[in-house]
Amino acid sequence: MSSGFGQELDALTLERARRGDGRAYAAIYARYAKACYTLAMRILGEPAAAEDVVQDVFVRMLDTIKGFRGDAPFGAWLKRMTANATIDVVRRNRRFGDEDAEEVFAGMSALEVSGEDAVDAWSLLKRLPPRARAILVLHQVEGYTHKELAELFGQSESYSKSILARTLKRLAADVDGHAGEAEEIP
Amino acid sequence: MSTSHGSTARVQAMLDKLPEFEPDASLWTRIEDAHARRRRSRSAVRTGWIGAGIAAALAVVVLRIGAPEGGTSGVEADTTAWQMQSEALEREWLASARAPGHVPARARLLGIDDALQAAYDRGATSDELAPLWQQRNAALRSLIDHDAARTAAVTRI
């Protein structure tokens, strides 16, 4: 796993948290907050919205940790909560784009990447529509399957497959174009 | 997907370089506050339900105490039993009475009745009423026995 959700939570901290120990809560936050915030930021691209997601996820986690059975690793459980909360924000707010796969890229001109932006992965990602960014990050970075993405978005698997293919094509064109430019530099 | 394997690899390499982000340092305090608020809110709701439950239970108790029949204390039950016995004895005595009957016993019965009336008028408790009903029953039993003895004597003559 490439993100901080892959970190293990020791059994003692988990047990203390289940008993309502505030220091255990703080320890869990210290370990996973960055991973939660990073995932939300990569998808939403707005610090305030990403912080709201982290707050929502941690408050919910503190409420439900007593019932956490440990069937899956703690980090995977928290990642799922974070992804769900983030996609909820995307689906609730129209400013994060249209649901229709064809409309996701509508109005988006060529990425027009050049100069410093071309080497900045985050700048490339930020230029994508939020839904395209969400599917790209969840599939390519966090390892979600199209079946899981279909459940998350309440759409068919072909929805995420279609958006992911177009997103990768755009990014590849920009990366390749920039690579070409770089090669031209004497 | 129409992207070549090399392009996909380059995109993946780019994604692997995505930066990580640190949340604002004050976020944990906000989360703790939000969590505490939710707990207080849930606690208030729980307290409200418990309070409503206690109020409902008290209402049932008050209604039971106020009801003329049903759950009464031991002394109250005794008073009611003495009163019922007294009514039965009075019916028995009236059925067998020979006027003017045993004058001292009748005077005693009248005195007890006055005391009972006064006790009820001042809202006396069952503890005070029960002995008076017992005294009345004893007086009635005495009158009944006296009348029975007289009847037996007349029969013998």
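Every chain's residues receive numbers from 1 upward, in the order its sequence appears when written. For naming, the first written chain is A and the first written ligand is 1, with later ones following in the order written. With pLDDT at 70 or above as the cut-off, local features in this predicted model cover only qualifying residues; side-chain atom pairs require 80 or more to be listed or tallied, and sums for whole chains, interfaces and linings still use all residues. Only hydrogens and water are set aside when side-chain values are computed; all heavy atoms of the structure are taken into account.

Topic: the overall build of chain B
Thought 1: Broken down by element type, chain B carries five helices and zero strands.
Thought 2: Listing every helix and strand of chain B by position from the N terminus yields α-α-α-α-α.
Thought 3: Looking at chain B as a whole, 22% of its 157 residues qualify as buried.
Thought 4: Accessible surface computed for chain B: about 10,500 Å², of which carbon and sulfur atoms make up 60%. Helix numbers and strand numbers start at the N terminus; a helix is a DSSP run of H or I with at least 4 residues, a strand a run of E with at least 2. Three labels apply to residues, based on accessible area from a 1.4 Å probe with only protein chains included: buried if under 20% of the type maximum, exposed if over 50%, partly exposed otherwise in between. Accessibility throughout is a Shrake-Rupley quantity obtained with a 1.4 Å probe, and a residue counts as covered only by protein chains that appear here.

A short note on the pattern of salt bridges
Once the charged atoms of two side chains with opposite charge are near each other, the side chains can pair.
Residues and elements named next belong to chain A.
Thought 1: Between Lys or Arg on one side and Asp or Glu on the other, a salt bridge is scored when a side-chain nitrogen of the former is within 4 Å of a carboxyl oxygen of the latter. Applying the stated criterion across every chain, the model contains 14 salt bridges over all chains.
Thought 2: The salt bridge partner of Arg-16 is Asp-21, with a shortest N-O separation of 3.1 Å.
Thought 3: For Arg-16, a relative accessible area of 22% translates into the label partly exposed.
Thought 4: We note a salt bridge from Glu-142 to Lys-79, for which the minimum N-O separation is 3.4 Å. Taken together, the positions of Glu-142 in the loop between α7 (130-141) and α8 (146-153) and Lys-79 in helix α4 (residues 74-92) put the pair 63 residues apart, joining distant regions of the chain. Lys-79 shares its class with Glu-142; the two are buried.
Thought 5: Sharing partners across several salt bridges, the network here consists of Arg-16, Asp-21 and Arg-23.

Some points on the interface of chain A and chain B
Thought 1: Residue-level contacts link 32 residues of chain A with 25 residues of chain B.
Thought 2: Contact between chain A and chain B buries roughly 3,000 Å² in total, counting both sides, with carbon and sulfur atoms accounting for 68%.
Thought 3: If you sort the residues of chain A by the area they bury against chain B, Tyr-29, Lys-34 and Glu-51 of chain A come out on top, with a joint share of 18%.
Thought 4: We note a salt bridge from Glu-20 of chain B to Lys-34 of chain A, for which the minimum N-O separation is 3.6 Å.
Thought 5: Throughout this description, a polar contact denotes any pair of N or O atoms lying within 3.5 Å of each other; where both atoms belong to protein, one of them has to be capable of donating a hydrogen while the other can accept it, and for residues adjacent in sequence the pair is counted only when both atoms sit in side chains. If you look at where chain A meets chain B, you find eight residue pairs in polar contact (both at pLDDT 80 or more). Only heavy atoms enter the contact rule, under which two residues are in contact if any of them lie within 4.5 Å. Once two parts are brought into contact, the accessible area they lose, counted with a 1.4 Å probe and summed over both, makes up the buried area.

Focus on the packing of α4 of chain A against α8 of chain A
All names here are of chain A.
Thought 1: Interhelical geometry of α4 versus α8 gives an angle of 50 degrees and a closest axis separation of 10 Å. By the angle class used here, α4 and α8 are oblique. Contacts between α4 and α8 pair Arg-80, Ala-83, Asn-84, Ile-87 and Arg-91 from the former with Glu-148, Leu-152 and Phe-153 from the latter.
Thought 2: Ten residues, namely Ala, Val, Leu, Ile, Met, Phe, Trp, Tyr, Cys and Pro, are considered nonpolar, four, namely Asp, Glu, Lys and Arg, are considered charged, and the remaining ones, Gly among them, are considered polar. Here the residues of the contact of α4 with α8 are counted per class, giving four nonpolar, one polar and three charged. Lines are fitted to the C-alpha atoms to define the axes, a helix being fitted only along its stretch in contact, and any angle between axes, read from their N-to-C directions, falls within 0 to 180 degrees. Convention used here: angles under 35 degrees read as roughly parallel, angles over 145 as roughly antiparallel, angles from 65 to 115 as roughly perpendicular, and any remaining angle as oblique.

A closer look at the side chain of Glu-51 of chain A
Thought 1: Looking at the element boundaries, Glu-51 of chain A is found in helix α3 (residues 47-64).
Thought 2: Owing to a relative accessible area of 11%, Glu-51 of chain A belongs among the buried residues under this scheme.
Thought 3: Setting aside residues no more than four positions away along its own chain, Glu-51 of chain A makes contact with Tyr-37 of chain A together with Pro-23, Asp-24, Leu-27 and Arg-30 of chain B.

A short note on the packing of helix α2 (residues 22-44) of chain A against α7 of chain A
Axis angle and axis distance: for two packed helices, these are the angle between their axes and the distance between the axes, and together they describe the pair.
All names here are of chain A.
Thought 1: Taken N-terminus to C-terminus, the directions of α2 and α7 make an angle of 140 degrees; their axes are 7 Å apart at the nearest point. Here α2 lies oblique to α7, going by the angle between them. Contacts between α2 and α7 involve Leu-39, Arg-42, Ile-43 and Leu-44 on the former and, on the latter, Pro-130, Arg-133, Ala-134, Val-137, Leu-138 and Val-141.
Thought 2: The class makeup of the residues in the contact of α2 with α7 is eight nonpolar, no polar and two charged.

Quick notes on helix α1 (residues 11-18) of chain A
Residues and elements named next belong to chain A.
Thought 1: Among the residues making up α1, those that are buried are Thr-13, Leu-14 and Ala-17. In a view along the axis of α1, the buried residues occupy a sector of 100 degrees, so they form one face of it. With respect to the buried face of α1, the exposed residues turned more than 90 degrees away are Ala-11 and Leu-12.
Thought 2: Against α2 and α4 lie the buried residues of α1.
Thought 3: One or two residues past the end of α1 sits Gly-20, with phi positive at roughly 90 degrees. Here the arc refers to the directions that run from the helix axis out to each C-beta atom.

Let's talk about α3 of chain A
Thought 1: Working rule for helices: expected span equals 1.5 Å times residues minus one. In a regular helix each residue adds 1.5 Å, so 18 residues correspond to 26 Å; α3 of chain A covers 26 Å between its end C-alpha atoms and thus fits that length.
Thought 2: Restricting attention to buried positions, one finds in α3 of chain A the residues Ala-49, Ala-50, Glu-51, Val-53, Val-54, Gln-55, Val-57, Phe-58, Val-59, Met-61 and Leu-62 of chain A.

What about the nonpolar core?
Thought 1: Residues Phe-58, Phe-74 and Leu-78 of chain A are the most contacted members of the largest nonpolar core, which totals 70 residues.
Thought 2: For this core, the leading source of residues is α2 of chain A, giving 14 residues.
Thought 3: Excluding residues that lie within four positions of it along the chain, Phe-58 of chain A makes contacts with Ile-28, Tyr-29, Tyr-32, Ala-33, Cys-36 and Leu-78 of chain A together with Ile-31 of chain B.
Thought 4: Residues belong to a common nonpolar core when they are buried Ala, Val, Leu, Ile, Met, Phe, Trp, Tyr or Cys residues joined through side-chain atoms within 4.5 Å. One finds Trp-93, Ala-105, Leu-140 and Leu-143 of chain B within the second-largest nonpolar core, a separate group that totals 15 residues.

Section: the confidence of the model for chain A
Residue and element names in this part refer to chain A.
Thought 1: One number per residue, pLDDT, summarises how confident the predictor is, and it ranges from 0 to 100. Per-chain confidence: chain A averages 85 in pLDDT, with 81% of residues scoring 70 or above.
Thought 2: Ranking the elements of chain A by mean pLDDT puts helix α5 (residues 101-104) last, at 64, and α2 first, at 96.
Thought 3: Counted against residues more than four places away or in other chains, residues 181-186, with its pLDDT under 50, gives one contact.

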